[in-house]
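Structural overview
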Amino acid sequence: MSDSKYILPRDKGAAPLDFVIAVMAFLAALALGASMIADRAAMGWQSGLAARITVQVLPPEKSSDPRGDMMREAGAALAILGHAQGISHANILSDADTDALVAPWVGKEGLTADIPLPRLIDASVIPGEKVDVEGLTAQLKQAAPNATLDDHRSWIARLGTLADTMRYSAYVILLLIAGATAAAVSFATRAGLDAHHEMVALLHQMGARAGFIAAMVERHYFLSALFAALLGTLLAAALFLGAGGLEVIGLEAVPFLPPLSLKWTELPWLLLVPAATALIAWATARISVLSVVRAIY
Amino acid sequence: MLAPMVRFENVGMRYGSGPEVLRDVTFVLEGGSFTFLTGLSGAGKTTLLKLIYLAEPPSRGLISLFGQDLAIAKRAHLPPLRRRIGVVFQDFRLLDHLSAYDNVALPLRLAGKRDYAHDVEELMAWVGLGDRMHARPPTLSGGEQQRVAIARAVVARPDLLIADEPTGNVDPEMGARLIRLFGELNRLGTTVLIATHDRSLVEATRAKEIRLVDGRLVELRAPMRVAL
Ligand SMILES: Nc1ncnc2c1ncn2[C@@H]1O[C@H](COP(=O)(O)OP(=O)(O)OP(=O)(O)O)[C@@H](O)[C@H]1O
Ligand SMILES: [Mg+2]
């Protein structure tokens, strides 16, 4: 009703309530954003590793030409990988690449010639395709007895556990904050309604229907919670965008760690926070008013 | 013949598990009547009025309002009944965040009326509040607040007017003026019931008087239509 603004207190004295709601929305938006980042990171790690298969070919121990045999077995293994189902391409790491890999441990001098290092074959898995690891292993055993296939399964499993832990922790934190927000919003709304108790009772006595009184009051709380929560959420969104800005100006994100920012396209998800907050305030106001009116007769 | 406005049959009332405040109260208010309710402080006048204006249900007995038996009326049927009753509460119950004018206009707004400014202003001038319309209740004197409460109760021309000590805070002159306002309304068809301590008010009119003694009702004067 257009007249509700004349009936409800204009100077509602609800600044603390709006402040509490804005702060809780800010925290909830941070938790939601963080859980999205954790989620994305966990997915990234798993898919990145799962997309590679590495075959390591060792130089045979009892051989007059370990390096030659090793290169032959590497060639055979490469051929097998090249024809395997689900593998897009495979290549043998060059001496230089292998050197680069071990350089951190043994220094920059070329060691490949003196101490034969194992050859590594790096194969990429077509995204979404399953590779028959058992079959490949059996085939390799035949053609290249000194080759071992590593599909990073144990790594992936451990990283997966880590990622899942991270993801679920984020969910739990999100849930806790959402619960605290819901409680704070409904508590604050009820406190605000105490100030309106007399008015609610009087309107009821004057013959206003419970639904009418509730509609008037709940709209007021819905709107003020919506604006307060939007403010808090916008602040959180600015923070996430700002974190992205840091990377742009050269404060490079730590490699391997997920970027701490959200993309523009991910930001709309944060709007769930003010929407849920406003709904909670609305429902609390409605339930409170109806129960006040019901208690009167 | 029309059903009476208000009918009580053996009505009893107690608050919670407290003593019975009203006992075996039986009476009738005919449509268009003007009645005073008297009794000592604590006799149960306000309690009786609350039962009529639907603020409390009775503990026992039968009440019918506008011909409707309240015992069988559903909750949803009560708001329209309440809208037909104007109430001057003993403690006024004005909304402090609204101006005197907005308090008086409240029943009209709830009824969805639009062009009420003239009516409200005229009525407020009549009760001597023409220059206090935009003041908030806390800044008004007790008597001024009482007149705002009275204006609010009568502004929508209710079928039934219930006034609890409506002249308790005003001088005799203003008291007589307010009673004249109620008489005016009564002439237009409103049934009026006024609870009061003020003997002189009752003596000055020849209206019917009912009296509460020890929670029981005694009729002192035969009902009659009076010109006030
Ligand atoms: N809400 C309540 N809860 C419990 N007891 C109440 C309540 N309201 C009134 N009473 C009791 O009921 C009795 C009648 O009170 P009531 O207010 O009806 O008297 P009254 O005739 O209006 O008095 P007054 O002339 O002083 O206004 C009193 O003893 C009072 O203590
Ligand atoms: Mg009283």
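Residues numbered from 1 in each chain as written. Chains lettered and ligands numbered in written order. Predicted model: local features only at pLDDT ≥ 70, side-chain atom pairs only at ≥ 80, totals over all residues. Heavy atoms only, no water.

Side note on the overall build of chain B
Note the threshold: In this description a helix means any DSSP run of H or I spanning at least four residues, a strand means any run of E spanning at least two, and both kinds are numbered starting from the N terminus. Just to be clear, the radius of gyration here is over C-alpha atoms, and the globule rule we use is 2.2 Å times residues to the power 0.38. When a residue's accessible area, from a 1.4 Å probe over protein chains only, is under 20% of the maximum for its type it is buried; when over 50% it is exposed; and in between it is partly exposed. In short, Shrake-Rupley with a 1.4 Å probe defines the accessible areas, and a residue's cover is counted only from the protein chains shown.
Each helix and strand in chain B was counted, giving 7 helices and 10 strands. Compactness check: chain B gives a C-alpha radius of gyration of 17 Å against a globular reference of 17 Å for 228 residues, within 12% of the reference. On the principal axes, the C-alpha backbone points of chain B span a range of 45 × 40 × 40 Å. A total of 228 residues make up chain B; the buried ones form 54% of that total. Accessible surface for chain B amounts to roughly 10400 Å². Of this, 50% is attributable to carbon and sulfur atoms.

Structural notes on the overall build of chain A
Defined as follows: Contacts: residue pairs with any heavy atoms within 4.5 Å of one another.
The secondary structure content of chain A amounts to 8 helices and 4 strands. Element order for chain A, N to C, with α for helix and β for strand: α-α-β-α-β-α-β-α-β-α-α-α. Expressed as a percentage of the 297 residues in chain A, the buried residues total 42%. Long-range contacts, defined as pairs at least 24 residues apart, comprise 82% of the intrachain contacts of chain A with a sequence gap of at least 6.

Here's the deal with the site of ligand 1
All names here are of chain B. Where we set the bar: Note on terminology: near, applied to a residue and a molecule or strand, indicates that one of the residue's heavy atoms is within 4 Å of it. Here a polar contact means two N or O atoms within 3.5 Å. Within protein one must be a hydrogen donor candidate and the other an acceptor candidate, and residues neighboring in sequence count only if both atoms are side-chain atoms. Polarity classes work like this: nonpolar for Ala, Val, Leu, Ile, Met, Phe, Trp, Tyr, Cys and Pro, charged for Asp, Glu, Lys and Arg, and polar for all others, with Gly in that last group.
Residues in close proximity to ligand 1 include Tyr15, Val21, Leu40, Ser41, Gly42, Ala43, Gly44, Lys45, Thr46, Thr47, Gln90 and His197, which together make up its full environment. A distance of 3.5 Å separates a nitrogen atom of ligand 1 from a polar atom in the side chain of tyrosine 15. Taking histidine 197, its side chain carries an N or O atom lying 3.1 Å from an oxygen atom of ligand 1. About the coverage of ligand 1: the protein hides 59% of its 630 Å² of free accessible area. With 3 residues, helix 1 (residues 45-52) is the largest single contributor of residues to the shell around ligand 1. When its residues are assigned to classes, the shell around ligand 1 shows 4 nonpolar, 7 polar and 1 charged.

Concerning the coordination of the magnesium ion (ligand 2)
Residue and element names in this part refer to chain B. Note the cut-off: In this analysis a donor is any N, O or S atom within 2.8 Å of a metal ion (3.2 Å for sodium, potassium and calcium), and since water is not included, sites may seem incomplete.
At the metal site, the magnesium ion (ligand 2) is ligated by Thr46 (OG1) and Gln90 (OE1), and these contacts range over 1.9 to 2.2 Å. Placement of threonine 46 in helix 1 and of glutamine 90 in the loop between strand 6 (85-88) and helix 3 (100-110) is noted, with a sequence separation of 44 residues between them. The class of glutamine 90 is partly exposed, set by a relative accessible area of 40%.

Some remarks on the sheet that holds strand 3 (residues 34-39) of chain B
Residues and elements named next belong to chain B. Selection criterion: For two strands to count as paired, DSSP must find a minimum of two bridges between them. Lines fitted to C-alpha atoms define the axes, with helix axes restricted to the stretch in contact, and inter-axis angles between N-to-C directions lie between 0 and 180 degrees.
Strand order in the open sheet formed by 6 strands is 6-7-8-3-9-10, and the pairing between neighbours is mixed. Looking at which strands have only one partner, the edges of the open sheet turn out to be strand 6 and strand 10 (216-219). The average angle at which neighbouring strand axes cross in this sheet is 20 degrees, direction not considered. In terms of strand pairing, strand 3 meets strand 8 (residues 191-195) through 4 bridges, oriented parallel. Bridged to phenylalanine 34 within strand 8 is valine 192. Each of strand 3, strand 7 (160-164) and strand 8 touches helix 6 (residues 172-187); the most contacted strand, strand 8, lies at about 155 degrees to it.

Focus: a nonpolar patch on the surface
All names here are of chain A. Our working rule: Two distance rules govern patches: like charges are joined within 9 Å, and nonpolar side chains (Val, Leu, Ile, Met, Phe, Trp, Tyr) within 5 Å, applied only to residues with over 30% relative accessible area and no salt bridge. A pairing counts as a salt bridge when a side-chain nitrogen of Lys or Arg comes within 4 Å of a carboxyl oxygen of Asp or Glu.
Among the surface-exposed residues, Phe19, Val23 and Leu27 lie close enough to one another that they form a single nonpolar patch of about 270 Å² accessible area. Structurally, the position occupied by phenylalanine 19 is in helix 2 (residues 15-50). Among the residues examined, phenylalanine 19 registers a relative accessible area of 59% and is labelled exposed.

Remarks on the environment of tyrosine 101 of chain B
Residue and element names in this part refer to chain B. Among the secondary structure elements, tyrosine 101 is positioned in helix 3. On a C-alpha basis, the gap between tyrosine 101 and valine 120 in space is 7.2 Å, while along the polypeptide they are 19 residues apart. Leaving out residues up to four positions away in the same chain, tyrosine 101 has contacts with Tyr116, Ala117, Val120, Glu121, Met124 and Met133.

Regarding the interface of chain B and chain A
Just so we agree on the cut-off: Put simply, buried area is how much 1.4 Å-probe accessible surface two parts lose in total, over both of them, once they are put together.
Contacts between the two partners involve 27 residues from chain B, matched on the other side by 24 residues from chain A. In total, chain B and chain A occlude about 2300 Å² of area from one another, counting both sides; carbon and sulfur atoms represent 56% of this. The tally of links from chain B across to chain A stands at 0 salt bridges. Across the chain B-chain A interface, the total number found is 6 residue pairs in polar contact (both at pLDDT 80 or more). Elements represented by at least two residues in the side of chain B that touches chain A include exactly helix 2 (78-83) and helix 3 of chain B. Within the side of chain B that touches chain A, the residues separate by chemical class into 17 nonpolar, 1 polar and 9 charged.

Quick notes on the sheet that holds strand 2 (residues 87-92) of chain A
All names here are of chain A. In space, the 4 strands of this open sheet follow the order 2-3-1-4, with antiparallel pairing throughout. The open sheet has two edge strands, strand 2 and strand 4 (147-150), and neither has a second partner. Here the average twist between neighbouring strands, direction ignored, is 20 degrees. As defined by bridge partners, strand 2 adjoins strand 3 (residues 119-125) across 5 bridges and the pair is classed as antiparallel. From the neighbouring strand, alanine 90 faces strand 3, where its bridge partner is alanine 123. Strands strand 1 (52-57), strand 2, strand 3 and strand 4 of the sheet are contacted by helix 3 (residues 66-83), whose axis makes an angle of about 5 degrees with strand 3. Packing against the sheet, helix 5 (residues 133-143) makes contact with strand 1, strand 2 and strand 4, and its axis sits at approximately 170 degrees to strand 4.

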